[in-house]
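Fold and contact review
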Amino acid sequence: MTTIEALTVLYPPALLLVAALLMLVLPRALGFAAGALSLFGVLAISLFVPAGEHATITFLGFSDVQLFFVDEFSRVVGAGLGFLGAFGVVYAYSSDASRGMTAIALAYMASCVAAVFAGDWLSLLFMWELMAVTSTVLVWHYGGDAVRAGFRYAIAHGIGGVLVMFAVVAHYVAVDSFVYGVGVSADNGGIGAGLPAVLAALGIGVNCAFIGLHTWLPDTYPRPHIAASVFLSVFTTKTSAYVLYRAFPEEGFLLLAYMGGAMAVYGATFALLQHDMRALLSYHIQAQVGYMVAGIGVGTTLATAGAMGHLLNNILFKSLLFMAVGVIIYRTGENDLYKLGGLWREMPLTAIGFALGALSITAMPGFNGYVSKGMILDAADPHSYGAPEYQYLYYLLLLGAIGTLLSFIKLGYYAFLHGESDVEVADAKTGQTVAMLAVGGACLFLGVWWQGLVDFLPGIEGTHFYYGEGSEGHLHPYSLGHLEETAMLLAVSLVGFAVIRKPLSKIDLPDPATVVVPITYYTGRWSMLAVTDAFSAVDRIVVGFVTRCYWVGNNPTLAVDEAAHRLPNWIVDVEERRPADGGRPSTIHLRASIGTTILLLTLLLTVILWLLVVWGGS
């Protein structure tokens, strides 16, 4: 197949971008149908295009840019994103998401899928920046508090993007190629050692929500439309965890592994303290990505396969939990967990969807999370496959598992079981139910048919390399040892919740980020407020001045008369004094705002270029 044919027929992001355009022009039902079908197309490409298929183009003078590259890793991630994305569109349709918002979501998903199927660092860099832009616009679309949060989100991902850009540049200087694995000692690729690796870890770490770089996550995801939260909860962090593997595919990144363990404990702990349901789930994104980071850091065959398996499974059960919580918010208008209760009688279908997601994320036997989380735990356990230096990592991951169980016992108890519902609410709409049960069914299916899941993971297929004690020296997830470990964790969590439930309900902490990492939290918040308030002030002044000049030009006699009586206020809007035929203020305001924006951006770019010139000259 030629390069053009591969990009035309097989390039998954193109399907999503076409669907985004159709979303804006077709009737609502047809537009959403096109969006869902485009994502099923991504799923089909991921499953059926042979590994090794690629399309190389010339871009910016570089002749080896691989815009499209399929291997066993990109297939796993692409399949998960395609499947979830399709049912996410179905969920959005029934959740009254607008065509504009869903078109933005499709563009966002296209950038993430493009990053997954990129075969070199230059392609990845462009898609990485598009991910930041499209996801920010998706947050902004909802308005209200989401706008401020979106600005802070943009700053965080802008910083991460700059670090990734410098890492890619440094990598190219060191190895003279952008293609994964070329010029690097590792057989299967990786970012260059030294400075590129440090910059990449920090830049990718922002998107993966490393501790200290994570404040954007619980700050942003609880604020936009409930359907937008479903998409956001999956695409950025899981794509970034995959890219982290691309950067560090070798064994033995000890610091990376322990960062993952710390994330698992940190995220689960602060999720337990939340009573905003989407904030609780947002912290658990960090916790579950922590397991992936730990597996990537350990880097053995079992650990890497477990990390990719947990990535795939997390795409499913995390989005399912956001769907279920979104239905509760959609029907009750309530975000606060402690103001709910007894909803299982009112919303049995939503309760079933939540239960499927909760049993999966807490790694209960029979569900997909049990399989992948068990692989990562075994890879870190010195008594099975882990090296002695990962002993404490193993215990961190166990603590994270207990925190996860406590959090979802709490969420399920207060939302569905505790007390009686004091309101009569309808259950999920048809599309919401279909989406939840389809994704929840996949969680159950992959937990029961675990052999199919394990064989689909990279490095495992055809090797009979399973885990857990089993016959003939092979390993098995449903071994007695694994079941006993799960039973112990569940018992500890149930007893622990009974003990801490009442004290926990009385804790009303501010955002944990304000306590644990106040420097990064308040620096981001205050700098964003300063920038946006300064821009708003300049915008008001410029718009007022332009509006006044327009009024004076159309009403010179009144202007002279006014000047004779008092000094005009040149920087305020004089809308109330403008005659009916004095102009169109909305158009004037728009033109002035655009002009102000261009002026400020030009000044900012000029200053940056001047500093670069001075720095380079010195």
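Let us now look at the pattern of salt bridges. Inspection of the entire model under this criterion finds four salt bridges. Here arginine 246 and aspartate 71 are joined by a salt bridge, their closest N and O atoms 2.7 Å apart. With arginine 246 in helix H10 (residues 226-247) and aspartate 71 in the loop between strand S2 (62-69) and helix H4 (72-94), the pair connects residues that are 175 residues apart, well separated along the chain. The class for aspartate 71 is buried, based on a relative accessible area of 13%.

A few words on a nonpolar patch on the surface. A grouping of Val162, Met165, Phe166, Val169 and Val173 is seen on the molecular surface, where their side chains present a nonpolar patch of about 440 Å² in accessible area. By the secondary structure assignment, valine 173 is in helix H7 (residues 145-175). Take valine 173: its relative accessible area is 67%, and that puts it in the exposed class.

Turning our eyes to something else, we now look at helix H13 (residues 301-332). Here H13 is 32 residues long and its end C-alpha atoms lie 46 Å apart, about the 46 Å a rise of 1.5 Å per residue gives. Roughly 30° is the biggest bend found in H13, and it falls at asparagine 314. Within H13, 28 of the 32 residues are buried, leaving the element largely enclosed by the surrounding structure. Positive phi shows up at glycine 333, right after H13, with a value of about 70°.

To continue, consider the nonpolar core. Ranked by size, the top nonpolar core spans 177 residues in total, and within it Met109, Trp121, Ile204, Phe235, Leu397, Phe408 and Leu411 carry the most contacts. Among the elements that make up this core, the one with the highest residue count is H13 (19 residues). If we skip the residues at most four places from it in the chain, phenylalanine 408 touches Leu280, Leu281, His284, Leu321, Phe354, Ala358, Ile361 and Thr362.

This paragraph deals with unusual backbone geometry. Of note, aspartate 96 is a non-glycine position whose phi angle comes to about 65°, a positive value. Assignment of secondary structure puts aspartate 96 in the loop between H4 and helix H5 (99-116). Overall, the relative accessible area of 47% leaves aspartate 96 in the partly exposed class. Residue alanine 363 is not a glycine yet carries a positive backbone phi of 65°.

A full pass over the atoms with the stated rule returns 21 aromatic pairs. Ring centres 5.3 Å apart and planes at 35° place the aromatic pair phenylalanine 354 and phenylalanine 416 in the tilted group. Of this pair, phenylalanine 354 sits in helix H15 (residues 348-361) while phenylalanine 416 sits in helix H17 (residues 391-417), and the two are 62 residues apart along the sequence. Each member of the pair, phenylalanine 354 as well as phenylalanine 416, carries the same accessibility label: buried. An aromatic cluster is present here, built from Tyr338, Tyr413, Tyr414 and Phe497 joined pairwise through their rings.

Here glutamate 420 shows up in the loop between H17 and helix H18 (430-448). Sequence spacing of glutamate 420 and glutamate 346 is 74 residues, and the spatial spacing of their C-alpha atoms is 9.8 Å. Apart from the residues lying within four places of it in its own chain, the contact partners of glutamate 420 are Gly341, Gly342 and Arg345.

So, on to the confidence of the model for the chain. Mean pLDDT over the chain stands at 83; residues scoring 70 or higher make up 78%. Contacts of residues 184-188 to residues separated by more than four positions or lying in other chains number eight contacts, the stretch itself having pLDDT below 50.

Close contact between H4 and H10 brings their axes to 10 Å; oriented N to C, the two are set at 175°. By the criterion of interaxial angle, the relationship of H4 to H10 is roughly antiparallel. On H10, the residues that touch Phe73, Ser74, Val77, Leu81, Leu84, Gly85, Gly88, Val89, Tyr91 and Ala92 of H4 are Ile226, Ala227, Val230, Phe231, Val234, Phe235, Thr239, Tyr242, Tyr245 and Arg246.

For the pair helix H16 (residues 368-380) and H17, interaxial distance at closest approach is 8 Å and the crossing angle is 150°. Relative to H17, the element H16 is oriented roughly antiparallel. Contact with H16, carried on its side by Lys373, Ile376, Leu377 and Ala380, involves Gln391, Leu393, Tyr394, Leu397, Leu398 and Thr404 of H17 and no other residues of that element. Here the contact of H16 with H17 is composed, by residue class, of seven nonpolar, two polar and one charged.

Cut-offs and rules
- Residues numbered from 1 in each chain as written.
- Predicted model: local features only at pLDDT ≥ 70, side-chain atom pairs only at ≥ 80, totals over all residues.
- Heavy atoms only, no water.
- Salt bridge = Lys/Arg side-chain N within 4 Å of Asp/Glu carboxyl O.
- Helix = DSSP H or I, 4+ residues; strand = E, 2+ residues; numbered from the N terminus.
- Buried < 20%, exposed > 50% of the residue type's maximum accessible area, 1.4 Å probe, protein only.
- Patch = residues over 30% accessible without salt bridge, like charges linked within 9 Å, V, L, I, M, F, W, Y side chains within 5 Å.
- Areas by Shrake-Rupley, 256 points an atom, 1.4 Å probe, with all protein chains shown as cover.
- Expected span 1.5 Å × (residues − 1).
- Bend = angle between axes of the 7 residues up to and from the residue.
- Core = buried A, V, L, I, M, F, W, Y, C linked by side-chain atoms within 4.5 Å.
- Contact = heavy atoms within 4.5 Å.
- Phe/Tyr/Trp six-rings, centres within 6.5 Å; stacked < 30°, edge-to-face > 60°.
- pLDDT = per-residue confidence, 0-100.
- Axes fitted to C-alpha atoms, helices over the stretch in contact; angles between N-to-C directions.
- Parallel < 35°, antiparallel > 145°, perpendicular 65-115°, else oblique.
- Nonpolar A, V, L, I, M, F, W, Y, C, P; charged D, E, K, R; others polar.

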